[in-house]
Amino acid sequence: MTAGSPSLLIRNRTWLIALAAYAATVVPLMTSGLLYADVVVTSGIFFILVMAMDLLFGCAGLLSFGHIGFFAIGAYAPAVLAKFFAASLLSGTLAGLVVNLALALTLGRVFLRLSGSYFMLGTLAFGIMVHAVIRTWYPVTGGDAGLGDIPRVVLGSLSPQVSLAIVIWVSAALLFWFSLNLSASRVGRALRAIRGDAVSAACCGVDVPRLRINLFALSACYASISGSLFAAYNGAVHPDSFALSALLDVLLMLFFGGEGTIWGALIGVTLLRVLPDLSGPLQAGKILFSGVLFAVIIFLFPMGVAGALKDGMRRLGRARDEVRPHEPAATAGEGASGQRAAGDEVFGQGVASEGMARAGTRRLRAAGASGEPPPAVIEVEALGQSFGGLRAVDAVSFSVEAGTIRSLIGPNGAGKSTMLNLLSGVQSVREGRVSGLGHRLEGLSPDRIARLGVRRTFQHERLFAHLTVIENVMVGCESGSDGSVRDLVRCGLALPSTRSEAQRARAASLAWLERIGLADRADDAVSALPHGLRKLVEVARAVAALPQVLLLDETAAGLNATEKARLKVLLRSLRDEGVTTLLIEHDMAFVMDISDRILVLDFGRLIAEGTPDAVRRDPAVLAAYLGA
Ligand code: ADP
Ligand code: MG
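Rules used throughout
Residues numbered from 1 in each chain as written. Chains lettered and ligands numbered in written order. Predicted model: local features only at pLDDT ≥ 70, side-chain atom pairs only at ≥ 80, totals over all residues. Heavy atoms only, no water. Near = heavy atom within 4 Å. Polar contact = N/O pair within 3.5 Å; in protein donor to acceptor, adjacent residues only side chain to side chain. Areas by Shrake-Rupley, 256 points an atom, 1.4 Å probe, with all protein chains shown as cover. Pairing = 2+ DSSP bridges. Helix = DSSP H or I, 4+ residues; strand = E, 2+ residues; numbered from the N terminus. Axes fitted to C-alpha atoms, helices over the stretch in contact; angles between N-to-C directions. Salt bridge = Lys/Arg side-chain N within 4 Å of Asp/Glu carboxyl O. Buried < 20%, exposed > 50% of the residue type's maximum accessible area, 1.4 Å probe, protein only. Donors = N, O, S within 2.8 Å, 3.2 Å for Na, K, Ca; no water. Core = buried A, V, L, I, M, F, W, Y, C linked by side-chain atoms within 4.5 Å. Domains from an automatic or database assignment. Contact = heavy atoms within 4.5 Å. Phe/Tyr/Trp six-rings, centres within 6.5 Å; stacked < 30°, edge-to-face > 60°. Expected span 1.5 Å × (residues − 1). Parallel < 35°, antiparallel > 145°, perpendicular 65-115°, else oblique.

(A) Representation of the site of ligand 1 in the model. Around ligand 1 sit Phe387, Leu390, Ala392, Pro411, Asn412, Gly413, Ala414, Gly415, Lys416, Ser417 and Thr418, and those are all the residues in its vicinity. A distance of 2.9 Å is found between an oxygen atom of ligand 1 and a backbone nitrogen or oxygen belonging to Gly415. A distance of 2.5 Å is found between an oxygen atom of ligand 1 and a side-chain nitrogen or oxygen belonging to Thr418. About the coverage of ligand 1: the protein hides 61% of its 560 Å² of free accessible area.

Listed below in structure tokens is the structure:
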């Protein structure tokens, strides 16, 4: 879509289509008297709450039971403020937002440190506690009697009911638009990356803790708004509405609609709020209906209605592709240099934010060209790592010069992968020093190191299963998201700059895929690729940000001869462009052919270092490999 499109709100059309489809379904039913306006208006309220759950669970894989607590606080805030200060609905809603934001930021810091199921339990405890407090704090919340007399909204000469219905659905529509934008942006990709593999996401530059906390807070704000609208609609609040069981309905809407799509939330809410109203028996047996539905979703279509629809459309698309001869995804006739230019253009314009331009390396190389030896981009001094009593890395020191390829070899268990984990921040350095690109790296988080310009692959490929092939590369290219509130807001509002950045990242990622021969698989799920190709995609993801330092862990293992040759060409051309590579490899022919120098580890110790020829003849190396 071009920057010349009419307005910010219309550029992303999914939300408009979805809402129009909703209105087209519901309005005729309402006018023919089959459906009560009441159900439609409350659907808007629950739609907001389901979106809150979908942002958190569908995108980032975090299931929170605490949202019933945020919802309750959002509902009680206008009631309490009206009772004690005669405050308006708007001030009550804002007060609820402030309290929930503060709570979510605090709780997020605690809960998000906990892994999956403990996060769930922590939020569950919060939800139960909020319910207990509103039931027992009689002087403020009215205890079991609840609170009434919540102020009304009146828009101009409209009746209070119509005014509130408008406020509810306009809020829902705007939040829908914001969520869809967020989900389609680099923040959405970063969230799905975290859902798939948080360590790997961090190594692409995603600030995982910050992004998770800010998302949790954003999602709590949605729940808060939904709660305030719920209170306004009912005119009163009562603790029974905020028991955990109320959240089960919301979860059912989420899973039935299809998590992870945002628009699935609208389908889930519509069907589950509207269907029982259309059929008497369904209404009477609502709990039984819910139970059966849960079972149906789990066994028959775990991806929900939206997931099934998406799958169907993808299949249709594929069938059409098979009829039509396949066109290459990138501009035909463009040679390697053309693709390179696409990549350069992207980074000239700052998609990879911090320190990714290779100017630094060029400077380093220029210094090297003027007679002095090239300066080191990695320096390791007396680095050590123990696991229990095992010395995985033992007092290792070495340095790697800018713009060279260095191999790290050694028998299995020699400590090579551990070395890469220490360099990339995946494991923290407790013994010795590591500097890279002029920075002390020990103590830095993996995402900081990645954003400085050090990227890696993993021995056992760790692509993001929830993203397509090209999206995987895009996360690397965009350095994910720094997780800041600013980034969330920019992406949620779909500011033109974020859109053009995303377009450039897509073009550059496609160029990288072309370069490794995978452009025609760009939109495939990564699970559809064989092992060797997945490893190449991981390399593309690592190099897409044009890092200055590339760390590869046994990438050639599992590649066939053609793929290995392709990798070799890629690594050499990267070296020519100034990238410094440290690679772990078992294939000796590959290592001897490509390396400028070789490091040999055995039982965590550095036993040899030198040119391929010197290492080949080194007696200590021969002994380590042959056991002589
Ligand atoms: P390499 O990559 O050279 O095959 P690694 O660095 O993976 O070797 O492992 C070095 C040694 O450290 C091995 O003996 C391995 O079992 C051990 N090791 C590696 N990671 C861990 C860990 N997280 N916990 C315990 N032991 C580990
Ligand atoms: Mg290893």
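Moving on from the coordinates now.
(B) Seen up close, the sheet that holds strand β6 (residues 454–456). Spatially, the 6 strands line up as an open sheet ordered β6-β7-β8-β3-β9-β10, and their pairing is mixed. Pairing within the sheet leaves two strands with one partner each, and these edge strands are β6 and β10 (605–610). On average, adjacent strands in this sheet sit at an angle of 15° to one another, irrespective of strand direction. Bridge count for strand β9 (residues 597–602) against β10 is 5 bridges, and the pairing is antiparallel.

(C) Layout of the pattern of salt bridges. A full pass over the atoms with the stated rule returns 23 salt bridges. In this structure, Glu442 and Arg440 form a salt bridge, with 2.3 Å as the shortest nitrogen-oxygen distance. Take Arg440: its relative accessible area is 43%, and that puts it in the partly exposed class. Taking the shortest distance from any N to any O, the salt bridge between Arg541 and Glu538 comes out at 3.7 Å. In this pair, Arg541 and Glu538 are both assigned in helix α24 (residues 531–543), 3 residues apart and thus about one turn of the helix distant. For the pair shown, Arg541 and Glu538 are each scored as buried. Through salt bridges with shared partners, a single network forms among Arg186, Asp487, Arg490 and Glu501.

(D) View of the coordination of the magnesium ion (ligand 2). The coordination sphere of the magnesium ion (ligand 2), as far as protein atoms go, consists of Ser417 (OG) and Gln459 (OE1), spread over 2.1 Å. Taken together, the residues Ser417 in helix α19 (residues 416–424) and Gln459 in the loop between β6 and α21 (469–478) connect sequence positions 42 residues apart. Judged by relative accessible area, Ser417 falls into the partly exposed class, the value being 21%.

(E) Up close: the environment of Ala402. Along the chain, Ala402 falls in the loop between β2 (390–401) and β3 (405–409). Residue classification places Ala402 among the buried residues on the basis of a relative accessible area of 3%.

(F) The nonpolar core, seen in detail. With 114 residues, the main nonpolar core has Phe47, Met51, Trp169, Phe176, Tyr222, Val237 and Phe242 as its most contacted residues. Viewed by domain, this core spans two of them, domain 1 (38–242) and domain 2 (250–324), each represented by three or more residues. Those residues in contact with Met51 that sit more than four places away from it in its chain are Ala172, Leu175, Phe176, Ser179, Tyr222, Ile262 and Ala265. With 39 residues, the next largest nonpolar core counts Cys477, Trp512, Leu536 and Ala540 among its residues.

(G) Structural view of the packing of aromatic side chains. The full count for this structure, using the stated rule, is 13 aromatic pairs. Aromatic side chains Phe70 and Phe126 sit 5.0 Å apart centroid to centroid with 40° between the ring planes, which places their arrangement in the tilted category. One end of the pair, Phe70, is in helix α4 (residues 67–85); the other, Phe126, is in helix α6 (residues 116–136), with 56 residues separating them in the sequence. Ring geometry for Phe119 against Phe216: centres 5.7 Å apart, planes inclined by 75°, an arrangement best described as edge-to-face. You can see Phe119 sitting in helix α6 and its partner Phe216 sitting in helix α11 (residues 208–234), a full 97 residues away along the chain. When its relative accessible area of 2% is taken as the criterion, Phe119 is described as buried.

(H) Structural detail: unusual backbone geometry. For Ile262, which is not a glycine, the phi torsion comes out positive at approximately 70°. Note that Ile262 resides in the loop between α12 (244–257) and α13 (263–278). Even without being glycine, Leu437 reaches a positive phi, approximately 50°. When you line up the elements, Leu437 lands in the loop between β4 (431–436) and β5 (439–440).

(I) Geometry of α6. Here α6 is 21 residues long and its end C-alpha atoms lie 31 Å apart, about the 30 Å a rise of 1.5 Å per residue gives. Those residues of α6 that sit buried are Phe119, Gly122, Thr123, Phe126, Gly127, Val130, His131 and Ile134. Those residues of α6 that are buried lie in contact with α4, α5 (89–111), α7 (138–141) and α11.

(J) Spatial organisation of the packing of helix α2 (residues 14–31) against helix α3 (residues 37–59). At a minimum axis separation of 10 Å, α2 and α3 run at an interaxial angle of 155°. Here α2 is positioned roughly antiparallel relative to α3, judged by the angle of their axes. Counted together, Tyr22, Val26 and Met30 of α2 and Ala37, Val40 and Ser43 of α3 form the full contact between these two elements.

(K) Structural view of the sheet that holds strand β1 (residues 376–387). Ordered by their spatial adjacency, 4 strands build an open sheet running β2-β1-β4-β5, and the pairing between neighbours is antiparallel. In the strand order of this sheet, the two ends are held by β2 and β5, each with one partner. The sheet contact formed by β1 and β4 spans 5 bridges and is antiparallel. Bridge pairing links Glu379 to Ser435 in β4.

(L) Geometry of the side chain of Ser484. Along the chain, Ser484 turns up in the loop between α21 and α22 (485–492). On the accessibility criterion, Ser484 (12% relative accessible area) is buried. Among the polar contacts listed, one links the side chain of Ser484 to the side chain of Asp482, at a separation of 2.8 Å. Discounting residues that sit within four places of it in the chain, Ser484 has contacts with Arg210 and Asn214.

(M) Here's a closer look at the pairing of β3. With respect to burial, β3 is a largely interior element, 5 of its 5 residues being buried. Neither face of β3 is exposed, since Ile405, Ser407 and Ile409 on one face and Arg406 and Leu408 on the opposite face are all buried. In this structure, β3 lies alongside strand β8 (residues 580–584), joined through 4 bridges in parallel fashion. Within β8, the residue paired with Leu408 across the bridge is Ile584. Bridge count for β3 against β9 is 4 bridges, and the pairing is parallel. Residue pairing across strands places Ile409 opposite Val600, the latter belonging to β9.

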